Structures are given as structure tokens and as C-alpha cells.
Amino acid sequence: MQELTDRQKAELHQALLDLHIELYTLLDDSSDGARPVSLDQPIGRLSRMDAMQQQSMVQANRRTAQTRLNRIEAALRRCKKDEYGLCVECEEDIGYARLKAQPEAPFCIDCQNKREASSG
Ligand SMILES: [Zn+2]
């Protein structure tokens, strides 16, 4: 796997910063969705049950966003230590294509597959 160029590193670092802000904002905003469902609000064809289901979806999304935010913060710390782009497991280059799709990826594709195989 090819080592990242400075330009690619800078690009991915910026992507991480953008994602960080995005998720931070999302977690801030969706606190509204976690409020108890109000019966006074016109919810159209949505039953109260549907509204509650939607609410638990919002909460699940928040958990996913929180997990991703943690990974992004870990990736930003690796940037500072100049370890970004290296697999935290085997220290091989993760590769630009993979990082472009998922800038916070802590593992190379091999280690990721091994982890998924062992956890499943
Ligand atoms: Zn690896």
C-alpha cells in the first residue's frame, strides 16, 4: 500500500475536521428529537407509536454518531502524532482510497476483515 503524500494527508485531515464539526452539530441538534413525544403536536398520519419508534431511531442514530465522533477524535490525535494513515493494529499504510471513503478508519482492510470475522 502506498504511503500518503503530504497533500493527501492535508486533504484527509481537513475531511476529519469537517466531519468532526458535522457530527458535533448533529449531536447538538438531535437533542430535540430525544424529547418526549408531544400529543398536542399535529403528527399527521403518524401514530404515537410511530413517533416513538422514530424517536428511538433518533437515539440509535445519536449513538452511531457518537461512536463515529470518538473515532474521528482518535484519528485527529493520530494526525498530531504523525501516525495518521497507519493501521493501529499492524502499522501498515491503510491506503488513500480507503481513507478517502472513511477518513477515521483506524485499521487497514486486512485487520478490519480479521476483526469482523472474529467478532462475528
Ligand atoms: Zn492492519
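Figured I'd write up the structure that's included with this text. None of these values were measured; they are calculated from a predicted model. (Residues numbered from 1 in each chain as written. Predicted model: local features only at pLDDT ≥ 70, side-chain atom pairs only at ≥ 80, totals over all residues. Heavy atoms only, no water.)

### With respect to unusual backbone geometry
Right, so step 1: The backbone of D82 sits at a positive phi, close to 60°, despite the residue not being glycine.
Right, so step 2: Residue position: D82 is located in the loop between helix 2 (48–80) and helix 3 (96–101).
Right, so step 3: Note on D82: relative accessible area 55%, which makes it exposed.
Right, so step 4: Positioned with a positive phi, E91 is a non-glycine residue whose angle comes to about 65°.
Right, so step 5: Secondary-structure assignment places E91 in the loop between helix 2 and helix 3. (Helix = DSSP H or I, 4+ residues; strand = E, 2+ residues; numbered from the N terminus. Buried < 20%, exposed > 50% of the residue type's maximum accessible area, 1.4 Å probe, protein only.)

### Points about the coordination of the zinc ion
Right, so step 1: Distances from the zinc ion to its protein donors, C87 (SG), C90 (SG), C108 (SG) and C111 (SG), fall within 2.3 Å.
Right, so step 2: Overall, the relative accessible area of 7% leaves C108 in the buried class. (Donors = N, O, S within 2.8 Å, 3.2 Å for Na, K, Ca; no water.)

### Here's the deal with the pattern of salt bridges
Right, so step 1: Taken as a whole and assessed by the stated rule, the structure comprises five salt bridges.
Right, so step 2: The partner of E104 in a salt bridge is R68, and the shortest N-O contact between them spans 2.5 Å. A residue pair is termed long-range when its members are at least 10 positions apart, and E104 in the loop between helix 3 and helix 4 (109–119) and R68 in helix 2 qualify at 36 residues.
Right, so step 3: R115 serves as the salt-bridge partner of E89, at 3.6 Å between the closest nitrogen and oxygen. Within this pair, whereas E89 is found in the loop between helix 2 and helix 3, its partner R115 is found in helix 4, the two being separated by 26 residues in sequence. (Salt bridge = Lys/Arg side-chain N within 4 Å of Asp/Glu carboxyl O.)

Function-wise, these values are silent; they only describe arrangement.
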